[in-house]
Amino acid sequence: MHIHSRIADLRGALAGRGRIVFVPTMGNLHAGHVSLVKQAKRHGSPVVASIFVNPLQFGAGEDFERYPRTLSADSEKLAAAGCDIVFAPDVAEMYPLPQTFTVQVADNLANDLCGAFRPGHFSGVATVVLKLFNLVQPRVAVFGKKDFQQLRVIQDLVNQFNLPIDIVGVDTLREADGLAMSSRNGYLSEAERMQAPQLQRELAAIAAAVRAGERDFAALATTARRHLAMAGWRVDYIELRDAATLQAPTVDSRHMVVLGAARLGKTRLIDNIEIALGNPL
Ligand code: PAF
């Protein structure tokens, strides 16, 4: 496996290479990322992973500075997973000048759900992903479904700008107690870690009720919010949406997703569960 920190070297290494499959990451990798690489290998070769903590997608007061940078451990995990090339630039390489041209994400997506609590976040994500796509020029790119709204943004980015890239979404990997794997789980204290699977349990309870025919979505969300608040969480949102549009589900919605974001102490966790009516996912 080769690691490049310079754009020119990456381009040199990728020139004329076959069907490039790309896994963008911010590093601090866990088994969920490894599953993305394994999935990527099914779609072509070479597999390229990027490791870049993108300042554009962090707001003031968020965790950009403390986000763990663990390049050597990450490289070992990527090599073991069968990754061929790693692109790990620094900020000056990606943004030699202030990034004055950015991707403007549609308001209804940019300012909804996580976007309502993280202004500018999805524009920052779409901008860096577009830059990375231009550098790596993949035929396929693989993203985790834990960031369900991010996946929607990337799918729209590719469609709106006619990028010749297939986007593959990969199911969330969970710890034995149900907690979605996330680099940010490492911020949790021991007590918070014990409590953290509650977010997934509340979402699972809503999903089960919807599968059983319950349609008072607002009441389900209110109950989940109350349970979480009583246990000390600060809830950003609990929402049920149509999985394709991320808008409120209609009576015709057969594929939905219940999404949640909530804070335990200083750590903000997100999770979601898809609901396919009449066709269990
Ligand atoms: O999901 C992530 O790790 C990041 O948002 C991404 C897609 C690598 C862009 O920085």
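So, here is what we can say about the structure in this document. Keep in mind it's a predicted model, so treat the numbers as computed, not measured.

### With respect to the nonpolar core
Phase 1: Counting residues in hydrophobic clusters, the biggest one holds 45 residues, and the most contacted among them are Met 94, Val 105, Val 129, Phe 133, Phe 143, Leu 157 and Ile 167.
Phase 2: For this core, the secondary-structure elements that each account for two or more residues are helix 1 (7–14), strand 4 (85–87), helix 5 (107–110), helix 7 (121–136), strand 5 (140–144), helix 8 (148–160) and strand 8 (255–264).
Phase 3: Contacts of Ile 167, omitting those with residues within four sequence positions, involve Phe 133, Ala 141, Phe 143, Leu 151, Ile 154, Gln 155 and Val 158.

### Some details on helix 11 (residues 217–230)
Phase 1: A rise of 1.5 Å per residue sets the reference length of helix 11, with its 14 residues, at 20 Å; its end C-alpha atoms lie 20 Å apart and thus fit the reference within 8%.
Phase 2: Along helix 11, the residues classified as buried are Leu 220, Ala 221, Ala 224 and Leu 228. Each buried residue of helix 11 lies within a common arc of 95° when the element is viewed along its axis, so the set occupies one face. In helix 11, the exposed positions that point more than 90 degrees away from the buried face belong to Ala 218 and Met 230.
Phase 3: Tucked inside the fold, the buried residues of helix 11 contact helix 10 (197–211) and strand 7 (234–242).

### So, the pattern of salt bridges
Two side chains bearing opposite charge may form a pair once their charged atoms approach each other closely.
Phase 1: One pass over the full model with this rule turns up 13 salt bridges.
Phase 2: Across the pair Glu 93 and Arg 6 runs a salt bridge, and its minimum N-O distance is 3.0 Å. Residue Glu 93 is located in helix 4 (residues 91–94), and its partner Arg 6 is located in the loop between strand 1 (2–4) and helix 1; the two are separated by 87 residues in the primary sequence.
Phase 3: According to the relative accessible area criterion, Arg 6 is partly exposed, its value standing at 48%.
Phase 4: Residue Asp 63 is joined to Arg 184 by a salt bridge in which the shortest nitrogen-to-oxygen separation is 2.8 Å.

### Remarks on the environment of Leu 135
Phase 1: Take Leu 135: it is sitting in helix 7.
Phase 2: As for Leu 135 and Leu 179, which are separated by 44 residues in sequence, their C-alpha atoms are 34 Å apart.
Phase 3: When near neighbours in sequence (up to four residues on either side) are disregarded, Leu 135 contacts Ile 7, Leu 10, Arg 11, Leu 14, Phe 87 and Met 94.

### Considerations on the side chain of Asn 28
Phase 1: Looking at the secondary structure, you find Asn 28 in the loop between strand 2 (21–25) and helix 2 (31–41).
Phase 2: With relative accessibility at 17%, the residue Asn 28 sits in the buried group.
Phase 3: Not counting chain neighbours up to four residues away, the residues in contact with Asn 28 comprise His 33, Tyr 67, Pro 68, Thr 70, Asp 74 and Ser 183.

### Topic: unusual backbone geometry
Phase 1: Here the amide bond leading from Ser 45 into Pro 46 is cis, since omega sits at 0°, within 30 degrees of zero.
Phase 2: Even without being glycine, Asn 162 reaches a positive phi, approximately 50°.
Phase 3: Phi at Leu 246 takes a positive value of approximately 60°, unusual for a residue other than glycine.
Phase 4: Here Leu 246 is to be found in the loop between strand 7 and strand 8.

### Section: the packing of aromatic side chains
Phase 1: Summed over all chains, the structure comprises six aromatic pairs.
Phase 2: Between the aromatic rings of Phe 52 and Tyr 95, the centroid separation amounts to 6.0 Å while the plane-to-plane angle is 50°, which identifies the pairing as tilted. Note that Phe 52 is positioned in the loop between strand 3 (47–51) and helix 3 (71–81) and Tyr 95 in the loop between helix 4 and helix 5, a separation of 43 residues in sequence. Grouping residues by exposure puts Phe 52 and Tyr 95 together as buried.
Phase 3: Between Phe 58 and Tyr 67 the ring centres are 6.0 Å apart and the planes differ by 75°, which places this aromatic pair in the edge-to-face class.
Phase 4: Classification of Tyr 67 by relative accessible area gives buried; the value is 6%.
Phase 5: Linked through ring pairs, Phe 22, Phe 133 and Phe 143 together constitute an aromatic cluster.
Phase 6: Residue placement shows Arg 66 over the ring face of Tyr 187; its charged tip is 4.0 Å from the ring centre.
Phase 7: Residue placement shows Arg 69 over the ring face of Phe 64; its charged tip is 4.8 Å from the ring centre.

### A short note on the environment of Ala 224
Phase 1: Position of Ala 224 relative to the elements: it lies in helix 11.
Phase 2: Since its relative accessible area comes to 2%, Ala 224 is described here as buried.
Phase 3: Once you skip the residues sitting within four places of it in the chain, Ala 224 turns out to touch Glu 202, Ile 206 and Ile 238.

### Examining the site of the ligand
Phase 1: The local shell around the ligand consists of Pro 24, Thr 25, Met 26, Gln 57, Val 128, Phe 143 and Gln 150.
Phase 2: Interatomic distance of 2.6 Å between a side-chain N/O atom of Gln 57 and an oxygen atom of the ligand.
Phase 3: At a separation of 2.7 Å, an oxygen atom of the ligand approaches a polar side-chain atom of Gln 150.
Phase 4: Of the residues in the shell around the ligand, the class split is four nonpolar, three polar and no charged.

Criteria and cut-off values
- Residues numbered from 1 in each chain as written.
- Predicted model: local features only at pLDDT ≥ 70, side-chain atom pairs only at ≥ 80, totals over all residues.
- Heavy atoms only, no water.
- Core = buried A, V, L, I, M, F, W, Y, C linked by side-chain atoms within 4.5 Å.
- Buried < 20%, exposed > 50% of the residue type's maximum accessible area, 1.4 Å probe, protein only.
- Helix = DSSP H or I, 4+ residues; strand = E, 2+ residues; numbered from the N terminus.
- Contact = heavy atoms within 4.5 Å.
- Expected span 1.5 Å × (residues − 1).
- Arc of directions from axis to C-beta.
- Salt bridge = Lys/Arg side-chain N within 4 Å of Asp/Glu carboxyl O.
- Phe/Tyr/Trp six-rings, centres within 6.5 Å; stacked < 30°, edge-to-face > 60°.
- Lys NZ or Arg CZ within 6 Å of the ring centre and 35° of its normal.
- Near = heavy atom within 4 Å.
- Polar contact = N/O pair within 3.5 Å; in protein donor to acceptor, adjacent residues only side chain to side chain.
- Nonpolar A, V, L, I, M, F, W, Y, C, P; charged D, E, K, R; others polar.

Fair warning: the whole summary comes from geometry, so function is off the table for now.
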